[in-house]
Amino acid sequence: MTDKRGKERIIIHIDYDCFYASVWENLRPELRTVPLGIQQKSILATCNYIARERGVKKLQLIKDAKAACPDLVIVNGEDLTPFRDASRSIFNFIAGTLVGTNQMERLGFDEIFIDVTALVDHNLALLLNSAPGDTFSFHLTLSPPHTTFPINLHNLPPYTHPSDSIPPSFSSLSLDTSGQAQPPETIRLLQRLYLATHLATHLRTLVKSTHNHTASAGISTSKTLAKLAGTINKPDAQTVLHPTTTQAFLDKFEIGKIPGIGRKAATIIRQLVNPLIEPEEQLHEEWFEDVKQKVTVLEVRTKLTQVDLARSPLGGTEAAKVWAWIHGLDDQGVGAKKTVPSQITVEDTFRSLTRAEAVMEVLDRLHSKMLSRMSSELVEDPEAAGGVGKKRWIAVPKTYRLSIRTRKHGFGNRVSRSMPLPSWVLSGVINGDNEGTVGRLSREMGWNLMKRALKEEGEERGWDLQLVNVGVAGIEGAEGGRRTIGEFFGGKGKQTVREEVAEVEEMDGEWELWEEECYVDGEEDEDVWGVCSVCGGRMLRFTLEAHARFHALEHSEGMDMDMA
DNA sequence: ATGGGTCCT
DNA sequence: AGGACCC
């Protein structure tokens, strides 16, 4: 690949320190000074740093953690609501701070990637065009109203990797640490990283002051490098990678630590590098054990060829990606800001679940949570926000899915079945009829899909569930926030009014067919009723299309700028 | 292990 | 529908 140093992206990766523990410490400040662990079933999902100093580890069994630290304070973290809320709040805050920066992607609840290339380039132009000085007002926004923060041009926030490889003074970036002049592309890249480093510090400071969470950050030229850089100094610290020493940095990592190279791929690669490793030894490694035969990126690079990787069970496509990543080449873009999830799932695990009655209770509980989350995450309620107007869908899921794991079927293996999401679920959410909808979901959807899955897996008799997961998926559109009515109907490349309505009917048609085969209890005939996918209104089906036109018009009056 | 998520095949 | 990956 050609040298394109002048065009490198600048990526910041932010990772909140022991996030679940930190959320609980904010909820209960008295927990801040004690060793704290967050329990999910029989394990500690995470723990605070006080607990870590006392020998408690992440993902440790509860009994082992208690043995290591008898006065460990344990709170239950099985309900993720507070973590999800805090995560979203911080993400939205950062998004609101960096107006105009749209490549901002969450990973899990506690990590964010931000592509700050445009923002940094904008600021570098401002800086280079301004009179030399000791400080510079960094512009956080790319469009008005502008907010800024001051940076000290003689001070670079810690840390750099390698240590002190980047001079603290902006004006000294043209020389390396031994006084050697740098190529212009390198100088410019260092200047951009310099600004991004100040920005990362500012963002971490803001997150601390507004949300009281400390965070670690990495600053580099790709997602992989930024994320790995952030692991060097933790907690409450950050690291910028010197751009010409990234290969040496990567070379020291164990191959399985590279993001994107998981357990399976790492096992394959380790065996290619060291065929003496007994396959059994690795396949039998437990989740809590460290890798026994560590293989570094350097070894993979120097002992194997890309062809070796491609001929392995990894396959050519994966091999090419891995080969690029370990050579510091990572094209993975930072995804566009997403404020609406693409799926909502709820699950619970069990030692043993065999009775139909117990299963129905579980389904009811899971469905109830599912509907609450659909309501809070997919429905906009102007009245709840202190305004006026009807509730409307921000984005609508297309499918319902049930996923289970049985004792017989074993460990990682989930089995799932799905079907189109019936419109009565949507109307139930809009109308706030959670009780009725929950019961119907469990009886008509969950239970039937579960029977189907068990039957098809040959477990009709004597089944024993270890996990039940339900959810809605196929939630499309709505990137970057509100989905307008114009996009719902007849938007660019989207569906027309007619097609959207037709889809609702076809969906119901499929459901009715399915119902005839599988449905057991009697229930009222519903097919003359339909639900508007915009406002959730329930109405006679033949009026739906006219009603949809009403929404389209309603929209064009208010938003005619967009409608052309 | 847990209770979530993502995207690709 | 499953599988790989991420936290």
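Residues numbered from 1 in each chain as written. Chains lettered and ligands numbered in written order. Predicted model: local features only at pLDDT ≥ 70, side-chain atom pairs only at ≥ 80, totals over all residues. Heavy atoms only, no water.

1. Description of unusual backbone geometry
Backbone geometry follows two general trends: most residues other than glycine have a negative phi, and most peptide bonds adopt the trans configuration.
Right, on to step 1. The amide bond that connects Pro158 to the next residue, Tyr159, takes the cis arrangement and shows omega of 0°.
Right, on to step 2. Following the sequence through the fold, Tyr159 ends up in the loop between strand 8 (148-152) and strand 9 (160-161).
Right, on to step 3. Lys234 connects to Pro235 through a cis peptide bond whose omega is -15°.
Right, on to step 4. Assignment of secondary structure puts Pro235 in the loop between helix 7 (223-229) and strand 11 (238-241).
Right, on to step 5. The phi angle at Lys41 is positive, at roughly 50°, despite the residue not being glycine.
Right, on to step 6. Looking at the secondary structure, you find Lys41 in the loop between strand 2 (36-40) and strand 3 (43-47).
Right, on to step 7. Residue Lys41 is classed as partly exposed on the basis of its relative accessible area, which comes to 34%.
Right, on to step 8. In the Ramachandran plot, Leu59 falls in the positive-phi region, its phi being about 65° despite a non-glycine side chain.
Right, on to step 9. Note on placement: Leu59 falls in the loop between helix 2 (49-53) and helix 3 (62-68). (Helix = DSSP H or I, 4+ residues; strand = E, 2+ residues; numbered from the N terminus. Buried < 20%, exposed > 50% of the residue type's maximum accessible area, 1.4 Å probe, protein only.)

2. A look at the pattern of salt bridges
For side chains of opposite charge, pairing can occur when their charged atoms come near one another.
Right, on to step 1. The full count for this structure, using the stated rule, is 23 salt bridges.
Right, on to step 2. The shortest N-O distance in the salt bridge between Arg301 and Asp251 comes to 2.7 Å. Of this pair, Arg301 sits in helix 11 (residues 297-303) while Asp251 sits in helix 8 (residues 246-251), and the two are 50 residues apart along the sequence.
Right, on to step 3. For Arg301, a relative accessible area of 21% corresponds to the partly exposed category.
Right, on to step 4. Overall, Asp251 belongs to the buried group, its relative accessible area being 11%.
Right, on to step 5. Among the ionic pairs, Asp348 bridges to Arg365, the shortest N-O distance being 3.2 Å. Note that Asp348 is positioned in strand 12 (residues 343-349) and Arg365 in helix 14 (residues 356-378), a separation of 17 residues in sequence.
Right, on to step 6. In the salt-bridge network here, residues are joined through shared partners; they are Lys41, Glu78, Asp348 and Arg365. (Salt bridge = Lys/Arg side-chain N within 4 Å of Asp/Glu carboxyl O.)

3. Re the protein's contact with DNA strand B
Right, on to step 1. In the vicinity of DNA strand B lie 18 residues, with Gln40, Lys41, Ile43, Leu59 and Arg373 positioned nearest.
Right, on to step 2. Counting only atoms of DNA strand B within 4 Å of the protein, the fraction found in sugar and phosphate groups is 69%.
Right, on to step 3. Lys338 has a polar side-chain atom sitting 3.3 Å from a phosphate oxygen of DNA strand B.
Right, on to step 4. Within the contact set of DNA strand B, a phosphate oxygen lies 3.2 Å away from a backbone nitrogen or oxygen of Glu347. (Near = heavy atom within 4 Å. Polar contact = N/O pair within 3.5 Å; in protein donor to acceptor, adjacent residues only side chain to side chain.)

4. A word on the protein's contact with DNA strand C
Right, on to step 1. Among the 15 residues in the neighbourhood of DNA strand C, the closest are listed as Glu111, Lys227, Ala265, Ser416 and Ser418.
Right, on to step 2. The sugar-phosphate share of atoms of DNA strand C within 4 Å of the protein amounts to 100%.
Right, on to step 3. Here a phosphate oxygen of DNA strand C and a backbone polar atom of Ser418 are 2.8 Å apart.
Right, on to step 4. Only helix 9 (263-273) and strand 16 (415-420) provide two or more residues apiece to the surface near DNA strand C.

5. Overview of helix 14
Right, on to step 1. In a regular helix each residue adds 1.5 Å, so 23 residues correspond to 33 Å; helix 14 covers 31 Å between its end C-alpha atoms and thus fits that length.
Right, on to step 2. The set of residues buried in helix 14 consists of Ala358, Val359, Val362, Leu363, Leu366, His367, Met370, Leu371, Arg373, Met374, Glu377 and Leu378. (Expected span 1.5 Å × (residues − 1).)

6. Observations regarding helix 5 (residues 117-129)
Right, on to step 1. Compared with the 18 Å implied by 1.5 Å per residue over 13 residues, the 18 Å span of helix 5 between its first and last C-alpha is a close match.
Right, on to step 2. Packing partners of the buried residues in helix 5 comprise strand 6 (111-115), strand 7 (135-139) and helix 6 (184-211). (Contact = heavy atoms within 4.5 Å.)

7. Here's the deal with the pairing of strand 3
Right, on to step 1. Burial analysis of strand 3 places 4 of its 5 residues in the buried class, the great majority of the element.
Right, on to step 2. Note: strand 2 against strand 3, 4 bridges, orientation antiparallel. Bridge pairing in strand 3 links Gln39 to Leu44. (Pairing = 2+ DSSP bridges.)

8. Structural notes on the packing of helix 5 against helix 6
Right, on to step 1. At a closest axis distance of 9 Å, the pairing of helix 5 and helix 6 adopts a crossing angle of 110°. Between helix 5 and helix 6, the angle is such that the two are roughly perpendicular. Contact residues: Thr117, Leu119, Val120, Asp121, Asn123, Leu124, Leu127 and Leu128 in helix 5; Arg188, Gln191, Arg192, Leu195, Ala196 and Leu199 in helix 6.
Right, on to step 2. Taken together, the residues of the contact of helix 5 with helix 6 break down into 8 nonpolar, 3 polar and 3 charged. (Axes fitted to C-alpha atoms, helices over the stretch in contact; angles between N-to-C directions. Parallel < 35°, antiparallel > 145°, perpendicular 65-115°, else oblique. Nonpolar A, V, L, I, M, F, W, Y, C, P; charged D, E, K, R; others polar.)

9. Concerning the UniProt feature "domain: UmuC" (unreviewed entry) in chain A
Right, on to step 1. According to UniProt, the "domain: UmuC" (unreviewed entry) feature falls on residues 11-262.
Right, on to step 2. Helix makes up 37% of residues 11-262 and strand 20%, and the two end C-alpha atoms of the span are 22 Å apart. (UniProt positions renumbered as here; feature names shortened; annotations may be inferred.)

10. Quick notes on the sheet that holds strand 11
Right, on to step 1. With mixed pairing, the 6 strands of this open sheet are ordered in space as 5-6-1-10-11-9. Both outer strands of the open sheet, strand 5 (104-107) and strand 9, are each paired with one neighbouring strand and no more.
Right, on to step 2. By the bridge criterion, 3 bridges tie strand 10 (residues 215-220) to strand 11 in an arrangement that is parallel. In the strand pairing of strand 11, Gly218 is matched with Thr239.
Right, on to step 3. Together, strand 1 (11-16), strand 5 and strand 6 form the strand contacts of helix 4 (residues 81-97), whose direction differs from that of strand 5 by roughly 165°.

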